[in-house]
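# Coordinates in review
What follows is each chain in one-letter form.
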Amino acid sequence: GAGVSQSPSNKVTEKGKDVELRCDPISGHTALYWYRQSLGQGLEFLIYFQGNSAPDKSGLPSDRFSAERTGGSVSTLTIQRTQQEDSAVYLCASSLVGRGAPYEQYFGPGTRLTVT
Amino acid sequence: TQLLEQSPQFLSIQEGENLTVYCNSSSVFSSLQWYRQEPGEGPVLLVTVVTGGEVKKLKRLTFQFGDARKDSSLHITAAQPGDTGLYLCYNSGGSNYKLTFGKGTLLTVNP
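Here goes a summary of the coordinates provided. Note that the structure is a prediction, hence the values are computed from the model and not measured.

Analysis parameters
Residues numbered from 1 in each chain as written. Chains lettered and ligands numbered in written order. Predicted model: local features only at pLDDT ≥ 70, side-chain atom pairs only at ≥ 80, totals over all residues. Heavy atoms only, no water. Helix = DSSP H or I, 4+ residues; strand = E, 2+ residues; numbered from the N terminus. Rg over C-alpha atoms; globule rule 2.2 N^0.38 Å. Buried < 20%, exposed > 50% of the residue type's maximum accessible area, 1.4 Å probe, protein only. Contact = heavy atoms within 4.5 Å. Areas by Shrake-Rupley, 256 points an atom, 1.4 Å probe, with all protein chains shown as cover. Lys, Arg positive; Asp, Glu negative; His and termini not counted. Charge placed at Lys NZ, Arg CZ, Asp CG, Glu CD. Buried area = accessible area lost by both parts, 1.4 Å probe. Salt bridge = Lys/Arg side-chain N within 4 Å of Asp/Glu carboxyl O. Polar contact = N/O pair within 3.5 Å; in protein donor to acceptor, adjacent residues only side chain to side chain. Disulfide = S-S within 2.5 Å. Phe/Tyr/Trp six-rings, centres within 6.5 Å; stacked < 30°, edge-to-face > 60°.

This part covers the overall build of chain A. For chain A, the count of helices and strands is zero helices and 10 strands. Ordered by position from the N terminus, the helices and strands of chain A form the series β-β-β-β-β-β-β-β-β-β. Since a compact globule built from 116 residues should have a radius of gyration of about 13 Å, the 13 Å found for chain A is in line with a globular shape. The C-alpha extent of chain A, read off along each of the three principal axes, is 40 × 30 × 25 Å. Residues counted as buried form 47% of the 116 residues belonging to chain A. At a minimum sequence separation of 6, the contacts of chain A that also span at least 24 residues come to 57%. Here chain A has roughly 5,500 Å² of accessible surface; of this, 46% comes from carbon and sulfur atoms. Side chains of chain A give 11 positive and 11 negative charges; the mean places of these two sets differ by 1 Å.

What follows is the structure in structure tokens.
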């Protein structure tokens, strides 16, 4: 079956512009995560959605970052007024359930964001 | 606060060598997962360990969960270039998502 997809795969934007990154999770997965990964580094947690519960936004680095998940499926991560330090790969993952259960996270290929 | 520390941060070896990488925590894991991320792709789950002292094998990879469930190791026998990637441990039983992934070990296996 289809895995997690993300679009665009690459995005180059000018400093100060807004960007939207999209994630299509695996159908039926109730949990969705966004992570950021700088070159050669580990994963930095950004935000977590679980079903209809309020999202866990504790990892968002500033109020320029926001995310939504419509209809419990597709998610969009929005970065406003982009800065050069926002340049990274943004990874989305989904799983059957989230908090406290050892379920597998299925990752998308990521969106590489470059802010010039 | 449970922090995951992985070591070494970088490892470069020749094909055919053996290696071990580690994941340690100051607190007990209820469960732990290892993921591998190949260049340009998202991480992929290798194994989940739940029971203290548990050993799991996946071909040439051997995963061990410490008796006290505060540490884990991944041993690769006769490494191959295809093993190259970033190895990440993940606190799959954690509730603080900011602290659940380690920073990873970047392994390069040279032919």
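What follows covers the interface of chain A and chain B. When the parts come together, some accessible area is lost, and that loss is often what is quoted as the size of the interface. Between chain A and chain B, the residue contacts involve 23 residues of the former and 22 residues of the latter. Around 1,700 Å² of area is buried between chain A and chain B when both sides are counted, 55% of it from carbon and sulfur atoms. Run the count over chain A and chain B and you get zero salt bridges. If you look at where chain A meets chain B, you find five residue pairs in polar contact (both at pLDDT 80 or more).

To continue, consider the state of the cysteines. Applying the stated rule across the entire model yields two disulfides over all chains. The disulfide that involves A:Cys23 links it to A:Cys92, with 1.9 Å between the sulfurs. Disulfide A:Cys23 to A:Cys92: torsion about the S-S bond roughly -65°, handedness left-handed. With A:Cys23 in strand 3 (residues 19-24) and A:Cys92 in strand 8 (residues 88-95), the pair connects residues that are 69 residues apart, well separated along the chain. You can call A:Cys23 buried: its relative accessible area is 0%. The exposure class assigned to A:Cys92 is buried, which follows from its relative accessible area of 0%. One disulfide in the model links B:Cys23 with B:Cys89; its S-S distance is 2.1 Å. A torsion of 70° about the S-S bond marks the disulfide between B:Cys23 and B:Cys89 as right-handed.

Attention now moves to the packing of aromatic side chains. Across all of its chains, the model carries 11 aromatic pairs over all chains by this definition. With 5.9 Å between their ring centres and 85° between their planes, A:Phe107 and B:Tyr35 make a pair best called edge-to-face. Note that A:Phe107 is positioned in strand 9 (residues 106-107) and B:Tyr35 in strand 4 (residues 32-37), a pairing that runs across two chains. Assigned by exposure class, A:Phe107 and B:Tyr35 land together as buried. Linked through ring pairs, A:Tyr33, A:Tyr35, A:Phe45, A:Tyr48, A:Phe107, B:Tyr35, B:Tyr90 and B:Phe101 together constitute an aromatic cluster.

These figures come from the coordinates and say nothing about function on their own.
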